[in-house]
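# Structural overview
Below, each chain spelled out in residue letters.
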Amino acid sequence: MLVKKSNQLSSVRKIHDKKELPALSMIKVDFVKDTMRIFLRGGRILFVPVNKFPEIKKLSSSQRKSYHISGGISLDFDESDEVYHLNELLGIELN
């Protein structure tokens, strides 16, 4: 599920207690060549081809370094209007 960023902070649920984090949660993102590496809590690493996400592919190397992870489950970049949910990065479609 791809959503556009919103300026309405009230629509974003902030997680303050680590006990509330989902079983799969992102802790860090980096890029190696044409691959986005998503480091997950628990030590797993998800390798995602950047060409699957055209908006991320358009970003320069320095723009890709300016990202934010919210609640361990969503990812966005300063220079992009897109927000990526962990399920989308995993290739899981939600109904």
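So, here is what we can say about the structure in this document. Predicted model only: the values in this text are computed from it and were never measured.

## Structural notes on the overall build of the protein
- Looking only at helices and strands, the protein features three helices and seven strands.
- Starting at the N terminus and ending at the C terminus, the protein contains elements arranged as β-β-β-β-α-α-β-β-β-α.
- Looking at the protein residue by residue over its 95 residues, the buried ones come to 29%.
- For the protein, the proportion of contacts with a sequence separation of at least 24, taken over those separated by at least 6, is 42%.
- Looking at the protein as shown, the accessible area adds up to about 6700 Å², and 51% of this sits on carbon and sulfur atoms.

## Regarding the packing of aromatic side chains
- Per the stated rule, a full pass over the model turns up three aromatic pairs.
- Measuring from centroid to centroid gives 6.3 Å for Phe-31 and Phe-77, while their planes differ by 50°, and the two rings are tilted. Of this pair, Phe-31 sits in strand β2 (residues 26-32) while Phe-77 is found in strand β6 (residues 74-77), placing the two residues 46 residues apart along the sequence.
- Note on Phe-31: relative accessible area 22%, which makes it partly exposed.
- The lysine or arginine in question, Lys-28, covers the ring of Phe-39, its NZ or CZ lying 4.9 Å from the ring centre.
- Here Arg-64 stacks its cationic end above the ring of Phe-31, 4.9 Å away from the centre of that ring.

## Things to note about the environment of Leu-75
- By the element assignment, Leu-75 lies in strand β6.
- Judged by relative accessible area, Leu-75 falls into the buried class, the value being 0%.
- Between the alpha carbons of Leu-75 and Lys-28 there is a distance of 9.8 Å; along the sequence they are 47 residues apart.
- Among residues more than four places away in sequence, those in contact with Leu-75 are Met-26, Val-29, Met-36, Tyr-67, His-68, Ile-69, Glu-82, Val-83, Tyr-84 and Leu-89.

## Remarks on the sheet that holds strand β3 (residues 35-40)
- Spatially, the three strands line up as an open sheet ordered β2-β3-β4, and their pairing is antiparallel. If you trace the sheet from one side to the other, it starts and ends with β2 and β4 (45-49), each paired once. Each adjacent strand pair in this sheet contributes to an overall mean axis angle of 20°, direction not counted.

## Description of the nonpolar core
- With 16 residues, the main nonpolar core has Met-26, Met-36, Ile-38, Ile-56, Leu-75, Tyr-84 and Leu-89 as its most contacted residues.
- Ranked by the residues each element gives to this core, the list is headed by β3, at three residues.

## Points about the pairing of β3
- Here β2 pairs with β3 via six bridges, running antiparallel. Each residue of the ladder has a partner; that of Phe-31, found in β3, is Met-36.
- Pairing of β3 with β4, which is carried by five bridges, proceeds in the antiparallel orientation. Paired with Thr-35 across the two strands is Pro-49, which belongs to β4.

Quick notes on the rules
Residues numbered from 1 in each chain as written. Predicted model: local features only at pLDDT ≥ 70, side-chain atom pairs only at ≥ 80, totals over all residues. Heavy atoms only, no water. Helix = DSSP H or I, 4+ residues; strand = E, 2+ residues; numbered from the N terminus. Buried < 20%, exposed > 50% of the residue type's maximum accessible area, 1.4 Å probe, protein only. Contact = heavy atoms within 4.5 Å. Areas by Shrake-Rupley, 256 points an atom, 1.4 Å probe, with all protein chains shown as cover. Phe/Tyr/Trp six-rings, centres within 6.5 Å; stacked < 30°, edge-to-face > 60°. Lys NZ or Arg CZ within 6 Å of the ring centre and 35° of its normal. Pairing = 2+ DSSP bridges. Axes fitted to C-alpha atoms, helices over the stretch in contact; angles between N-to-C directions. Core = buried A, V, L, I, M, F, W, Y, C linked by side-chain atoms within 4.5 Å.

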